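The primary structure of each chain is shown beneath.
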Amino acid sequence: MALITKIGIHHSGPIGANPLSKSGHLTLEQINSSHKARDFNLSQMGYYVGYNFIVFPDGRFTQTRLIGEETCAARGANFDTVHVCLLGNFTKGSGEEPTEAQKKTLKFIIEKLESGFFSDKFKVARDTSWGFSRERVYPHRVLQPNHTSCYGGILSDTWAQELMGVPIITNDIEELGKIIIALKKIVVQLLQRKLLGVRILDCGECDVRG
């Protein structure tokens, strides 16, 4: 039984050796042939495409793998994750970015998955259960760290979550450091005034298959 808990977002990325080449024009047939050449297994829906969904710049989408069947999208996250690929190269300098139509379709897919009532729109493998949440929508690079920059440098790690309206708590270390220093000063001032009754001593100070 497959338990699906996460959604992974990808871009089709550059074509060939040029990291800034555009790919929003690619067809489903071209992607399928490319993934077949990479020795991806044939899905139960008859495609070699490694993702569950492909979203085209005009907002159309195609499901290429059943929800709940093994994907070829991110090593370590091919059994518990639904993978969605937006066509386009979202690398800085490529000139491509997600279209408004793609954003709208991505939101539709995520909302459908989150609702749990998606079998009327999407095909699901037998014995599959799920527990989706828009808080668990991640780019490929987060699901498979130190392996890829997918879904491109113009999009932050939290872009898809923000698209869904998820409140984002900053992980900015510099800002956190400033807060800690400010709190330390307050504590020291309180201690110096003997409000706490003690004295502090300074202690010194990714192959995507599998």
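For the structure, see preceding data.
Because the structure is predicted, anything quoted here is derived from the model rather than measured. (Residues numbered from 1 in each chain as written. Predicted model: local features only at pLDDT ≥ 70, side-chain atom pairs only at ≥ 80, totals over all residues. Heavy atoms only, no water.)

Peer 1: So what about the pairing of strand β2 (residues 6-11)? Which residues, and what values?
Peer 2: Among the six residues that make up β2, six are buried, leaving the element largely enclosed by the rest of the structure. Of the two faces of β2, the one carrying Lys-6, Gly-8 and His-10 and the one carrying Ile-7, Ile-9 and His-11 are both buried. With three bridges joining them, β2 and strand β7 (residues 137-139) adopt parallel strand pairing. Its bridge partner being in β7, Ile-9 is matched across the sheet by Pro-139. (Buried < 20%, exposed > 50% of the residue type's maximum accessible area, 1.4 Å probe, protein only. Helix = DSSP H or I, 4+ residues; strand = E, 2+ residues; numbered from the N terminus. Pairing = 2+ DSSP bridges.)

Peer 1: Tell me about the environment of Val-49, and name the residues and values.
Peer 2: Looking at the element boundaries, Val-49 is found in the loop between α1 (28-37) and β3 (53-55). In this structure Val-49 comes out as buried when scored by relative accessible area, which is 0%. Placed 18 residues apart in sequence, Val-49 and Ile-31 show a C-alpha to C-alpha distance of 6.7 Å. The residues contacting Val-49, other than those within four sequence positions of it, are Leu-28, Ile-31, Asn-32, His-35, Ile-54, Thr-64 and Arg-65. (Contact = heavy atoms within 4.5 Å.)

Note that every value here comes from positions in space, so none of it alone points to a role or purpose.
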